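Structure assessment
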Amino acid sequence: MAKLDLGALDQALEAAHQPALAAALVQMTGDLHWLRKEWTPTYTPLSRGETGVPEAEQAKFRAEAKAAILDWFAKGAPPTTTPDPAALRRMMSFVAGADIPENYADFLNDELAIGGQSSKDPQWTTPGLKDAARRMHVLVIGAGMSGLLTGIRLTQAGIDFEIVDKNADVGGTWLENTYPGCRVDSSNHIYSYSFEPNHNWPQHFSTQPVLLDYFRGVANRYDLRKKIRFETSVEEMVWDEGRAVWNVTVNTPAGSEKIVANSVITAVGQLNRPRLPDVKGRERFKGAAFHSAQWAHDVDLTGKRVAVIGTGASAFQFVPEIVGKVASLTVFQRTPPWGFPTAHYHEDVPAGMNWLLEHIPNYDKWYRFFLFWMVTDGLLDGVRADPAWAGDETAVSAANAMFRAMVAEALRMQTEGRPDLVDKVIPTYPIGGKRALLDNGVWIAALKRPNVELVTDAITEITESGIITADGTARDFDVIIYGTGFHASRFLYPMKIKGRGGADLHDTWDGDARAYLGMTTPGFPNLFMIYGPNTNIVVNGSIIFFSECSVRYILGCLKLLAETGANAMEPKAEVHDAFNIQVDAGNRLMAWGAPQVSSWYKNEKGRVSQNWPFALVDYWRATLAPDPQDFVLSKAREMAG
Ligand code: NAP
């Protein structure tokens, strides 16, 4: 047995999330006494997980935990116990600091995966299924987070597949976005695959190079690169009615090629086609100009007069990074962002925490569970609209107004010494209306610097030398940086997709993409989307959780094809339509669905086509397995005839 470093243990106990460690200790000692009333956490929303337990009790916990851990190591690190369902529920409630509702138990249990198994593991075990898997050929489009995940699951199921990606490497959004300060804003210990924990995240919210390394590491560990064709983009896919296959035309560095696939799974993300603003004269600007997702690293910003257009998630991250080197920075803001106070946003994970994740069995699972629970539904009520709300348009319910007051106060405090900024940085739209950001104060600190101007007049024109605003002011710049976001609602753009009867998917959608559970669309058999319409989340969960649920369901669809001997499946139109009616009603009852809010969550028709309005558990349950009754299953015409 490795010698236990007592210094490391003391440091680890200081850094521990005590409720998660208590649950791990239950399994190490087989004793439930760790779930003591006096050690039960009471969390404050938006805190980093401080338990509210008095320091004297925390010290008592550390002392007892130390003795138990030393004893466990002294005994040679024996296997830990697996709690029975009742004990597990108690442990979950303890770590959550709340009674876990009955209908959440199986969902959270599955996410926790204490025994190592989860409903998301493909089970293609029978000889018949194995045989069917070998006969399938699946095309996956995209080698980012969800494409790699799909590759892993298809491999585990024994299904033949290939992945194409337009880029020269894996990583998707984490490969493309290299702007200064780019980092994840879901805690990394949940923004990682449930089955691929990383015990060495350097920060709670790590930077883009670290994320890219993680996804590259996963691609290597699962030997996926041999299945990926890089610099290969899908031009067109046409459904072949006779053979029930997709004929796909791809552009490769060597020219155009054809791929024939039984099924196509798109894993192309929602946010990767940069959107430049439709401003008169944009192309006339003579200085350097680039979009945040296509950062021109060869443009040295040192000593330059720089304009930034947009104040969304990207600008919020890169402005504080570049402000120190430019001569002047002019930020053009149309609408201010909401930022949730998050003091540890840029902080390192303490070394002691990494030690626990690595050495204490199940601590990683329980810590992840705690983080997961904190964003499961915790903030959802604060962004839900109350149809009876009689207040003004700055909120959508009493809870939303309270939430607003709390976050607005945090913003106001940051503007101290600059009263001119207060009205500019506190949004007038309801909190949750647009993507809320994580705020550790660096944004407003940057705006307060003497070389920074925050302009809220609308941009009317871009000229050869700069930008003119509605008040007639012309400002000259050396560089314009567009932090203006993406063509989010153009799902699957610019691929041409022709389904049954030659119907074009984009014509069918007519600017208003819809799908059943975000994944399937009538008339387009065997086309499965990950992160498709209405599967974005705003204040709850991590998108990796969503992708894992979607991939489980899609593999379930492939299994249904294998089990029934059908060659094609598509959702029944009435099922698809009923689902969309339900989703639209749900979104109307959320802050982002409020009529006074405009954002990339709404498409050109004004419908919220991006977001999932319900709880995580609802998506988890809906995607456990496809219901055969929801689908039209058919044989290939040539085979049926
Ligand atoms: P975004 O959130 O869509 O922000 C675009 C910004 O550009 C908005 O402030 C928008 O103002 C502004 N804008 C657009 N046209 C304009 C014009 N003509 N004049 C002035 N301002 C204009 O884009 P993003 O910041 O790239 O972020 C997109 C999404 O990517 C995020 O919401 C998030 O989901 C994801 N993202 C995540 C992270 C992360 O996790 N760390 C980081 C970056 C991005 P309006 O608000 O008025 O439209």
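None of the values given here were measured: they were computed from a predicted structure.

Conventions adopted
- Residues numbered from 1 in each chain as written.
- Predicted model: local features only at pLDDT ≥ 70, side-chain atom pairs only at ≥ 80, totals over all residues.
- Heavy atoms only, no water.
- Helix = DSSP H or I, 4+ residues; strand = E, 2+ residues; numbered from the N terminus.
- Rg over C-alpha atoms; globule rule 2.2 N^0.38 Å.
- Buried < 20%, exposed > 50% of the residue type's maximum accessible area, 1.4 Å probe, protein only.
- Contact = heavy atoms within 4.5 Å.
- Lys, Arg positive; Asp, Glu negative; His and termini not counted.
- Charge placed at Lys NZ, Arg CZ, Asp CG, Glu CD.
- Salt bridge = Lys/Arg side-chain N within 4 Å of Asp/Glu carboxyl O.
- Core = buried A, V, L, I, M, F, W, Y, C linked by side-chain atoms within 4.5 Å.
- Pairing = 2+ DSSP bridges.
- Axes fitted to C-alpha atoms, helices over the stretch in contact; angles between N-to-C directions.
- Parallel < 35°, antiparallel > 145°, perpendicular 65-115°, else oblique.
- Nonpolar A, V, L, I, M, F, W, Y, C, P; charged D, E, K, R; others polar.
- pLDDT = per-residue confidence, 0-100.
- Phe/Tyr/Trp six-rings, centres within 6.5 Å; stacked < 30°, edge-to-face > 60°.
- Lys NZ or Arg CZ within 6 Å of the ring centre and 35° of its normal.
- Expected span 1.5 Å × (residues − 1).
- Arc of directions from axis to C-beta.

**Considering the overall build of the chain**
- Secondary structure assignment for the chain yields 20 helices and 21 strands.
- Taken over C-alpha atoms, the radius of gyration comes to 26 Å for the chain, in line with the 26 Å a tight globule of 641 residues would show.
- The burial tally for the chain puts 56% of its 641 residues in the buried class.
- Residue pairs in contact within the chain that sit at least 24 positions apart in sequence constitute 72% of those at least 6 positions apart.
- Here the chain holds 62 positive side-chain charges and 74 negative ones, and the gap between their average locations is 2 Å.

**Brief notes about the pattern of salt bridges**
- All chains considered together, the criterion is met by 44 salt bridges.
- With a shortest N-O distance of 2.6 Å, Glu176 and Lys166 are connected by a salt bridge. In this pair, Glu176 sits in helix 8 (residues 173-176) while Lys166 sits in the loop between strand 2 (160-164) and helix 8, placing the two residues 10 residues apart along the sequence.
- Under the relative-accessibility criterion, Lys166 is labelled partly exposed at 33%.
- Here Arg435 ties to Asp185 by a salt bridge, and the two come within 3.0 Å at their closest N and O atoms.

**Examining unusual backbone geometry**
- Of note, the amide linkage connecting Tyr493 to Pro494 takes the cis form, showing an omega dihedral of 5°.
- Tracing the chain through its elements places Pro494 in the loop between strand 17 (479-482) and strand 18 (496-498).
- Positive phi, normally seen in glycine, also occurs at Ala244, with a value near 55°.
- By secondary structure assignment, the location of Ala244 is in the loop between strand 4 (233-240) and strand 5 (245-252).
- Look at Leu517: it is not a glycine, yet its phi comes out positive at around 55°.

**Notes on the nonpolar core**
- By size, the foremost hydrophobic cluster in this structure holds 172 residues, and its most contacted members are Leu21, Phe215, Leu329, Ile360, Tyr363, Trp366 and Ile481.
- Top element by residues in this core is helix 17 (residues 543-564). It accounts for 13 residues.
- Discounting chain neighbours no more than four positions away, the residues touching Phe215 are Met145, Leu148, Val170, Trp174, Tyr191, Tyr193 and Ile544.
- One finds Val264, Phe491, Leu492 and Ala513 within the second-largest nonpolar core, a separate group that totals 26 residues.

**Thoughts on helix 5 (residues 105-112)**
- Summarising burial for helix 5: 6 of the 8 residues are buried, a large majority.
- Packed against the buried residues of helix 5 are helix 4 (85-96), helix 12 (363-374), helix 17 and helix 19 (616-622).
- In the segment just after helix 5, Ala113 is the residue with positive phi, at about 45°.

**Quick look at the pairing of strand 15 (residues 466-469)**
- Summarising the sheet, strand 14 (residues 459-462) and strand 15 pair through 3 bridges and their orientation is antiparallel. Bridging across to strand 15, Glu461 finds its partner in Ile468.
- Of the strand pairs in this sheet, strand 15 and strand 16 (residues 474-476) are connected by 3 bridges, and their pairing is antiparallel. Each bridged residue has a counterpart across the sheet, and for Ile467 the counterpart in strand 16 is Arg475.
- Linking strand 15 to strand 16, which pair antiparallel, is a turn of 4 residues; within it Gly472 sits at a positive phi near 90°.

**Details of the side chain of His576**
- By the element assignment, His576 lies in helix 18 (residues 573-588).
- For His576, a relative accessible area of 8% puts it in the buried group.
- For His576, the contacting residues outside a window of four places in its chain are Arg514, Ala515, Tyr516, Thr520, Thr521 and Pro522.

**Remarks on the packing of helix 4 against helix 5**
- Running from N to C, helix 4 and helix 5 point in directions that differ by 85°, and their axes come no closer than 11 Å. When the axes of helix 4 and helix 5 are compared, the pair comes out roughly perpendicular. Between helix 4 and helix 5, the residues in contact are Leu88, Arg89 and Met92 and Ala105, Leu108, Asn109 and Leu112, respectively.
- Per-class residue counts for the contact of helix 4 with helix 5 are 5 nonpolar, 1 polar and 1 charged.

**Digging into the confidence of the model for the chain**
- Confidence in the prediction of the chain, expressed as mean pLDDT, is 96, and 99% of residues score 70 or more.
- No element of the chain has a lower mean pLDDT than helix 20 (residues 637-640), at 66, and none a higher one than strand 9 (residues 305-309), at 99.

**Quick look at the packing of aromatic side chains**
- Inspection of the entire model under this criterion finds 39 aromatic pairs.
- Taken together, a centroid distance of 5.6 Å and an interplanar angle of 55° make the contact between Phe107 and Trp620 tilted. One end of the pair, Phe107, is in helix 5; the other, Trp620, is in helix 19, with 513 residues separating them in the sequence.
- Look at Phe107 and you get buried, because its relative accessible area is 0%.
- On the basis of relative accessible area, Trp620 is assigned to the buried category, the value being 4%.
- Its guanidinium or amino end placed over the ring of Tyr493, Arg490 lies 4.4 Å from that ring's centre, counting from NZ or CZ.

**Quick word on helix 18**
- For helix 18, with 16 residues, the first-to-last C-alpha span of 22 Å sits near the 22 Å given by 1.5 Å per residue.
- Within helix 18 the residues assigned to the buried category are Val575, His576, Phe579, Asn580, Val583, Asp584, Gly586 and Asn587. Looking straight down helix 18, one finds that the buried residues subtend no more than 165° of arc, so they occupy a single side. Every exposed residue of helix 18 that faces more than 90 degrees away from the buried side is listed here: Glu574, Ile581 and Arg588.

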